[in-house]
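Listed below are the residues making up each chain.
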Amino acid sequence: MSKSVHCPKIIDSHAHIDFPEFDDDRAELFKAMRAMGINTALIPGVSPSHWENQLHIAAQYSCPYALGIHPWFFSDNYSAELSELDKAVNQRSQEPKFVAIGECGLDKLRGGDWEIQLKVLEHQLTLAKSLNLPVILHVVKAHSELIALLKAVKLARGGVIHGFYGSLEVAQEYVKLGYKLGIGGLILNKDAKKLKACVTNISLNSLIIETDSPAMGPKHLAEKRNTPLILPSIIEEIAKLQKKSSVLVSERMFENVTQLFDL
Ligand SMILES: [Zn+2]
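Residues numbered from 1 in each chain as written. Predicted model: local features only at pLDDT ≥ 70, side-chain atom pairs only at ≥ 80, totals over all residues. Heavy atoms only, no water.

(A) Representation of the UniProt feature "binding site: a divalent metal cation 2" (unreviewed entry) in the chain. Listed under "binding site: a divalent metal cation 2" (unreviewed entry) in the UniProt record, and renumbered for this structure, are His138 and His162. In terms of the greatest pairwise C-alpha distance, the residues named above, spread along 25 residues, form a tight cluster of at most 5.7 Å across. By the secondary structure assignment, His138 is in strand β5 (residues 135–140). Residues within four places of His138 in sequence aside, it is in contact with His70, Pro71, Trp72, Glu103, Cys104, Gly105, Leu106, Asp107 and His162. When you line up the elements, His162 lands in the loop between β6 (159–161) and α7 (168–176). Residue classification places His162 among the buried residues on the basis of a relative accessible area of 6%. (UniProt positions renumbered as here; feature names shortened; annotations may be inferred. Helix = DSSP H or I, 4+ residues; strand = E, 2+ residues; numbered from the N terminus. Contact = heavy atoms within 4.5 Å. Buried < 20%, exposed > 50% of the residue type's maximum accessible area, 1.4 Å probe, protein only.)

Now the structure itself:
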């Protein structure tokens, strides 16, 4: 049998690999990822001041990327930042590696002014709709508000609720609207009972895998920084919960992410 038959194809659907935590060993990390069958990582955007470096790293390592404004990172000058986003997105609308709007969303714990969060998100949802792109959504303690917005906007290509942590009922609401759930390192925590119950009972078609590196590492990780290298463990955990083989789960996760973002 050829080597490729055994080699998994894994994509990290959400990794901030452009962040300074990776400046010292980014090339080594990509090498280690490829040795494990982790082909690439989608790099989400967080704010205009981060985009230049993000785009540079994405080009250097041939990574797909998204552009967006995260609810932690807009300033008082958010109207100008949204105009910058429109401009950046229009400049790149034909680039094959530019695959989504995000990350954007709602965060009641750490986000800025709530009314502005809503405006900034609505602008980005409208932008995604006009360009027919999927969205990468960050949501903390605001599921009902986000679900209401997504119902109103109706994005043809949907998107992902990244770093999903919620009940099966909430998960099913997103799935009904055509969104996928991004499952990351939290699933590896022994006490993540609600999330494990959700992943056990939801269709594999609705899941994609991610790490949100360098954040969101599972509790047992010796290294403080999270990396895409935990993806095989996430696949194994999903396989265990769904009582399916890791190979099958790995293949389905690859299909789901390539379909969602047209990679
Ligand atoms: Zn993120």
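(B) Region of the structure containing the environment of Ala41. Counting through the fold element by element, Ala41 comes out in strand β2 (residues 38–41). Counting along the chain gives 28 residues from Ala41 to Ser13, while the straight-line C-alpha distance between them is 5.9 Å. When near neighbours in sequence (up to four residues on either side) are disregarded, Ala41 contacts Asp12, Ala15, Met33, Cys63 and Pro64.

(C) Just the coordination of the zinc ion, in detail. Within the protein, the zinc ion binds to His14 (NE2), His16 (NE2), Glu103 (OE) and Asp212 (OD); these donor distances fall in the range 2.0 to 2.4 Å. With four donor atoms in place around the zinc ion and angles of 88 to 175° between them, the coordination shape is irregular. (Donors = N, O, S within 2.8 Å, 3.2 Å for Na, K, Ca; no water. Tetrahedral: all angles 85-135°; square planar, octahedral: opposite > 155°, others 65-115°.)

(D) The arrangement of the pattern of salt bridges in detail. Overall, the coordinates contain six salt bridges when judged by the stated rule. Between Arg26 and Asp23 there is a salt bridge, with the nearest N and O atoms lying 2.7 Å from each other. The exposure class of Arg26 is buried, given its relative accessible area of 8%. When the shortest N-O distance is used, the salt bridge between Glu145 and Lys108 registers 2.4 Å. With Glu145 in helix α6 (residues 143–153) and Lys108 in the loop between β4 (98–107) and α5 (114–131), this pair connects stretches of sequence that are 37 residues apart. A relative accessible area of 25% places Glu145 in the partly exposed class. Through salt bridges that share partners, Lys196, Glu237 and Lys240 make up one connected network. (Salt bridge = Lys/Arg side-chain N within 4 Å of Asp/Glu carboxyl O.)

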